[in-house]
Amino acid sequence: MSTGTVRACFSAWALVLAALYYAVPGSHLYTWALLGYSSAAAVLVGVRLHQPARRLPWYLTSAALTCFITGDTWYNLVRALGHQPAFPSVADLFYLAVYPLVIGALLLFIRTSSDHGGNRGPLLDALVPTVGLGLLAWMYWIAPFARAQDLTLLQKVVSIGYPLGDVLVLAMILRMLTAGERPKALPGLGLAMLGLLVSDVFYGQSQLRGDWQVGGPVDLGWIVFYVAMGYTALRPAMRQLTVPAPRSGTVIGRHRLVWMAAAALIAPVVLFLEYTQDRTAGIADAPVIAAAAAVMFLVVLARVADLAMAQRRAVARERALREAGILMFAATDLAEAREAVREAIIRLIPAGARYSLDVSPPVPGDTDRTVSWRTAADLPEDRQTGGFPLVLFATQPLPGDRHGQIVLGADEEVLHTVRPLLEMLCAQIAVVVDRISLTAKINQRNSEAYFRTLIQNAADVILILDEDDTIRYASPSAEKLFGAPVAVTTPLAALITADTREALRDVLRRLRRGHGDLDGIELTAHGAGRRRVVVECDMRNLLEDPTVNGVVVTMRDVTERRRLEDDLTHQAFHDSLTGLANRVLFRNRLEQAFMVAERDAATLGVLFVDLDDFKEVNDTLGHAIGDQLLLAVAQRISSIIGAGSTAARMDGDEFAVLVEQSDTAEAAEDVAARIVAALEAPLEVPDGQGGVHLVSGKVSIGVATSRDANNATELLRHADLALYLAKGMGKGGWQRYQSDLAHAMVQRLEMRTQLTEAIEDEQFILQFQPIVEIAEQRVTGVEALVRWQHPTRGLLGPFHFVEAAEENGAIVGIGNWVMREALRQLAEWKAADPGTSLRYISVNVSPRQFRAADFVEQVHTALEQAGARPDWLLLEITESLVLKDAEKVIQDLRALRAMGVRIAIDDFGTGYSSLSYLRQMPVDVLKLDKSFIDDILTSRQQHALVDAIVTLAGNLDLTVVAEGIEEAGQRTALKTMGCHYGQGYHFAKPVWPAEIPALTGSAEPAALSA
């Protein structure tokens, strides 16, 4: 529940109780107690909700409310019992305890939230009205009790305690109100105390008159006290009362002066009223004294107000001058300083005043810094006054025998106010100008020193050549590069190796002929220790520059960079693990060799080599052993192929070999046979920790030659197809490319592409095979069987395209379509014949489709779109699905069953065949494979096995559906075993959707004949 809701509930509760209090006088005892105790509880709830920095003052507040309502409850209880409460009584003890608790809470609020800088202003401001109102309390409330002759001393003390406590509470509240920034919760606190004070005043007067009655309008003040305290504690702003506030300023506002004056006039006004009521008593000149005191106080207060206004103006001028100074000191040059001066002067002009300001650019001539009065006629011709007859004219000296001029026009009163500020601003301008000038000189000096230091410590070698190409200047870094100081007049060619001197002479000739700056010239120089170093040179012809008068040559040692580039080039074309060529280099060499072979009419061979079962090595022994195996295989291959051939690692565990040219294709086949033989025996592979493992290095190889290919790309594709054939022939051998293999692969690839188009063009259709109750031969379900209406090949069964669909992932889209279409068809049948015997439809799900991350959501969406119930759908999964990601599979199956969808294990007994997963997996149906049913009439063992499976399924509460029932004897045997459901040609072949209603409308066996 939000805090706003809590406050709304409390307000409504308090309003109801207050209404009942006045509407039902007989309920005073209960409604008043509920109102008070609810407010005390609301304070505690607010502390719990908002966690203020200090909780003690709020606990004291709640205790004060509790004491107050306890006193009221005692008082009302005595009256309800028909007695007149004594005075003083136990109720007065609780009442008087309220004041120290409230005063303690307010003192803690003041101590926590007020500043600690010794600022007595708020305290003195609060004492003025407190003393004045205290005087009123004494005259009209405390004094009557003190002078009453019919009260005992204890009664007088108790009676005086109430107004005295109210005055002290008033002093605390006024102290908080005059403490500068006021928390948002303070008005609520003040309202509560005002309600308490007002009701206490009227209660005291009623006590003096003896006409006090419970349930009168005076109680409204106490209701305000209770409700305002509770509501304030429930506001989030209550935390601000115990948070230190910023120190308040010393400027007295106009409103504070007015109400302080009104409070201070209370005493003379009371004196005057007392005199007018009884002229015979008191001082004879009381009116004169009261008038004089009032006039004197007002005069003094007027002077204080003038001082306060002057102080405010001084503070405003000081702030404007400070802000102007900040603007100017941020300037970095004279142009920025001029704009800053303009902005600064605008800040000095009083708000709303008309003015004209002209800040000139620097003008020639030296002058003093002055601020003087000028008329428009006395100004220079090009200065603007804005139509004002009198202006302030300021001059400011600037570096370089220049000065600036400022013309400020405004009303004379405004100019008198601004002139001293402008004089101080001009003094600041002088400091800013000196600082800018000094900074410019220092920057220039530092810049020269910086560039000198930069040249002396530069890593690059800087040389200046004369017209005869001899060195006039060499930077200190030349000694590090060349191994010794470079002497003046040394020819540049002496530093360069003989094999690149001609290139140097050519570059210098082009530079002098005006070919422009030459960058990136690479030469070889004699480095330290006479080692050869590669240097990169940038050359500038500055012979016409009088400050240089020479050719500037910048040299840098790039030997390591060139070596690194060579290494990177090697890495870009070689495998980092085996050191063999990579795919890019192999392809480049193959294309070059293919062109040469075509020219020479020679035969070029390409081998694709793939490790058999390499994934098992990585999974069982780790990737480190796998890497060592790849390295060992690469070494074996390299040792066999010879120097004229190229071996490359193409990717993962796949290698390629480019066999050198020969006259026949047998050369490539011979290399393939030798590689297979060399890797037939297990390889000893180190594990890096001192151990050795015997690991199978058997490979399958595809061989292709350039005789069967038109280009290098086709040759690679042929080798890949041959490798595919070698893998399919049982691994551990080699196969040469055959054209019929290519044709089959092309068909397979075409089918993959056509499958994607078939999904988009909706070329798939469904047939349905009935699932019947074996005993009554009534159709209770159907299995959806997908067919492909191929545009050219006609109707294709799953055998022709499912495997290809699994490979390219199209099976996911096909499966989703089958599920949606099957559910739609079932909903259509049921809508057409509500009495149909058809209860569900069975849909096969491939492992790849089931493992989709959103498969469960796909099922849910298909059911919604078809308007089908979940129990209408039976999903058939294979046993192999549980071999991978079993935990996720089980989780998804449970989600589907929780939805209401049933699950069947298809072709049970032909795959994983572990009975343990039947206990773990959430399934409903076992579909016995046709291979179990074929021999149950001729094989006693097969009959017993099927009988055992049916019995086990019954014990596990699983339904069994026997597939492939083709004979009446098989149906009878299954019925005897207790198998309730079956499907097969004995009942019906797969039929089209239009034929299903006729089968589901009759239970006669004749209707199910094939």
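Cut-offs applied
Residues numbered from 1 in each chain as written. Predicted model: local features only at pLDDT ≥ 70, side-chain atom pairs only at ≥ 80, totals over all residues. Heavy atoms only, no water. Axes fitted to C-alpha atoms, helices over the stretch in contact; angles between N-to-C directions. Helix = DSSP H or I, 4+ residues; strand = E, 2+ residues; numbered from the N terminus. Parallel < 35°, antiparallel > 145°, perpendicular 65-115°, else oblique. Contact = heavy atoms within 4.5 Å. Nonpolar A, V, L, I, M, F, W, Y, C, P; charged D, E, K, R; others polar. Salt bridge = Lys/Arg side-chain N within 4 Å of Asp/Glu carboxyl O. Buried < 20%, exposed > 50% of the residue type's maximum accessible area, 1.4 Å probe, protein only. Pairing = 2+ DSSP bridges.

Draft legend 1. Quick look at the packing of helix H18 (residues 614-621) against helix H19 (residues 623-641). Look at H18 against H19: their axes get within 7 Å of each other, and the N-to-C directions meet at 140 degrees. Viewed along their axes, H18 and H19 adopt a mutual orientation that is oblique. Judged by residue contacts, Phe614, Val617, Asn618 and Leu621 of H18 engage His623, Ile625, Gly626, Leu629 and Leu630 from H19. Looking at the contact of H18 with H19 residue by residue, the class counts come to six nonpolar, three polar and no charged.

Draft legend 2. Looking closely at the pattern of salt bridges. Within this structure, the stated rule accounts for 41 salt bridges. Measuring nitrogen to oxygen at the nearest pair gives 2.5 Å for the salt bridge that ties Glu560 to Arg563. In this pair, Glu560 and Arg563 are both assigned in helix H16 (residues 559-573), three residues apart and thus about one turn of the helix distant. Taking the relative accessible area as the measure of exposure, Glu560 reaches 55% and is therefore exposed. Between Glu669 and Arg736 there is a salt bridge, with its nearest N and O atoms 3.0 Å apart. One end of the pair, Glu669, is in helix H20 (residues 666-678); the other, Arg736, is in strand E17 (residues 734-736), and 67 residues separate them in sequence. The buried category is assigned to Glu669, whose relative accessible area is 17%. Its relative accessible area of 24% is what places Arg736 among the partly exposed residues.

Draft legend 3. Structural context of the sheet that holds strand E9 (residues 532-542). Strand order in the open sheet formed by five strands is E7-E6-E10-E9-E8, with antiparallel pairing between adjacent strands. Edge strands, defined here as strands with exactly one partner in the open sheet, are strand E7 (471-474) and strand E8 (518-526). Across the sheet, the axes of successive neighbouring strands diverge by a mean angle of 30 degrees, strand direction being ignored. Here E8 pairs with E9 via seven bridges, running antiparallel. Residue pairing across strands places Ala525 opposite Val533, the latter belonging to E9. Packing of H16 onto the sheet brings it into contact with E8, E9 and strand E10 (550-557), and relative to E9 it is tilted by some 120 degrees.

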